Structures are given as structure tokens and as C-alpha cells.
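Chain by chain, the residues run as shown.
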Amino acid sequence: METAWIQVFVLTLTQCIAPAGKLVCQEETVEYHFTNEEDCASALVMMVDLAARADNVLVDRQRSDCKPAATESVVFADANDAQSSLANSEDFVLIDSDSPPPDFMRAAHDERLASLKSCDETNGVAPCKIGQIILEAPVDAGDAQVWRREK
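Residues numbered from 1 in each chain as written. Predicted model: local features only at pLDDT ≥ 70, side-chain atom pairs only at ≥ 80, totals over all residues. Heavy atoms only, no water.

### So, the state of the cysteines
The criterion, for reference: Here, the term disulfide refers to a pair of cysteine sulfur atoms separated by no more than 2.5 Å.
Counted by the stated rule, this structure contains 3 disulfides. Residue C16 pairs covalently with C25 via a disulfide, S to S 1.8 Å. Judged by the sign of its S-S torsion, about 95°, the bond between C16 and C25 is right-handed. What pairs with C40 in a disulfide is C66, and their sulfur atoms sit 2.1 Å apart. Residues C40 and C66 are joined by a disulfide whose S-S torsion is about -105°; by sign, that bridge is left-handed.

### Details of a nonpolar patch on the surface
For clarity, the threshold we go by: Patch rule: a residue counts if its relative accessible area is over 30% and it has no salt bridge; like charges are joined within 9 Å, and nonpolar side chains (Val, Leu, Ile, Met, Phe, Trp, Tyr) within 5 Å. Shrake-Rupley sampling with a 1.4 Å probe provides the accessible areas, and residues are treated as covered by the protein chains on show and by no other component. We define a salt bridge as a contact between a side-chain nitrogen of Lys or Arg and a carboxyl oxygen of Asp or Glu at a distance within 4 Å. Going along the chain from the N terminus, every DSSP run of H or I of four or more residues is numbered as a helix, and every run of E of two or more is numbered as a strand. Accessibility here uses a 1.4 Å probe with only protein chains present; expressed as a share of the type maximum, an area under 20% marks a residue as buried, one over 50% as exposed, and anything in between as partly exposed.
A cluster of nonpolar residues, I130, I133 and L135, forms a patch on the protein surface that exposes about 280 Å² of accessible area. The residue I133 is located in strand β6 (residues 133–135) in this model. A relative accessible area of 55% means that I133 is categorised as exposed.

### Thoughts on the nonpolar core
Threshold: In these notes, a set of buried Ala, Val, Leu, Ile, Met, Phe, Trp, Tyr and Cys residues joined through side-chain atoms within 4.5 Å is what counts as a nonpolar core. In what follows, a contact means two residues having at least one pair of non-hydrogen atoms within 4.5 Å.
Within the largest apolar cluster, 8 residues are counted, these being F9, L11, L13, F34, C40, A43, L44 and V48. Secondary-structure elements contributing two or more residues to this core are β1 (2–17) and α1 (37–53). A per-element tally of this core places α1 first, with 4 residues. Contact partners of F9, with chain neighbours within four places excluded, come to Y32, H33, F34, T35, N36, E37, C40, K67 and P68.

### Side note on the side chain of T122
Counting through the fold element by element, T122 comes out in the loop between α3 (104–115) and β5 (128–130). For T122, a relative accessible area of 18% gives the class buried. If near-sequence neighbours (up to four positions away) are discounted, T122 is found in contact with K117 and C128.

### With respect to the side chain of T14
Rules: What qualifies as a polar contact is a pair of N or O atoms within 3.5 Å, subject to a donor-acceptor requirement within protein and to the restriction that residues adjacent in sequence count only when both atoms come from side chains.
Topologically, T14 is positioned in strand β1. Of note is the side chain of T14, whose polar atom sits 3.2 Å from the side chain of T29. Once residues lying within four places of it in the same chain are set aside, the contact partners of T14 are E27, E28, T29, L58, V59, D60, R63 and S64.

### Considering the pattern of salt bridges
The tally for this structure, following the rule as stated, stands at 6 salt bridges. Notably, a salt bridge pairs R63 with D60, separated by 3.6 Å at the nearest N-O pair. Classification of D60 by relative accessible area gives partly exposed; the value is 27%. Across the salt bridge formed by K67 and D65, the nearest N and O atoms sit 3.6 Å from each other.

Written as C-alpha cells, this is what we have:
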């Protein structure tokens, strides 16, 4: 385990928050650190959007941004070194750098889509597909279940 300088992106949010029922607001500036620029930019957009919806918060957009920076941090030679050093920590999680697992809903949709003919080929008889959209046959009303809440 060593220390090294790593690149981070610093989100700075400057806002003025008024307590309920007051006309004067208190300015505050907060900073959050991100390991990549996309996450920083996305968080900034979300925070500014949330603040815009509040009646008592004003964001200074000129002083709110994401900028690259460097910070000194503990670094590990490899995943095994990190695992052995941090394994005693209650909330330690080794983040897998591989791509996330595929979305099973997307995979099921793609599989079903591949098995269908186009609606042009079936003369509009469902089930069929138009581009990436699956058209299903209408459900027979006799087969539908109706749920009622007893009062």
C-alpha cells in the first residue's frame, strides 16, 4: 500500500437557501469529489435541477461547476492487495471493473424480437414486430383476471 496523486473531478455547488418563511437566504458552497468527469457532470445537472424545483433555493450557476483536480490517496498494487488490506472494514466492497452484467429484461426482449417475423411478413397478424417494437395479440376478455378490493 502506497500513496499517490490521483485525478478527481470536484463538483462545486454554490447556492443560497432561505429558511421557511424568510426572505433572506444563507449562501453555502459544497464540494463533492468524483473519479470521472461524466459522473460529476451528471450529478451537477441533477443537483441544479432539484434546486430549481425548490421555492427556497437559488443556485449560482456561474460558481457551480465540475473541474479536474488531483488529490493524494492510498493506492494498491492490485485487487488482491486492496482486498487483504481492507477486508476487515465492515463496508468494504471491491468494485468490479469489468462491464456490468447484461440487463436480463433487454436480453429477453432481444431474444423474443429475434424469434418474431415482421408485421409485413405476417400481414399484420400478431404477434409480430415493427422495428424494435413487439406487437402482441389482444388478450381475450374472458381470460382477464379482475381484482376487486373488498370494503
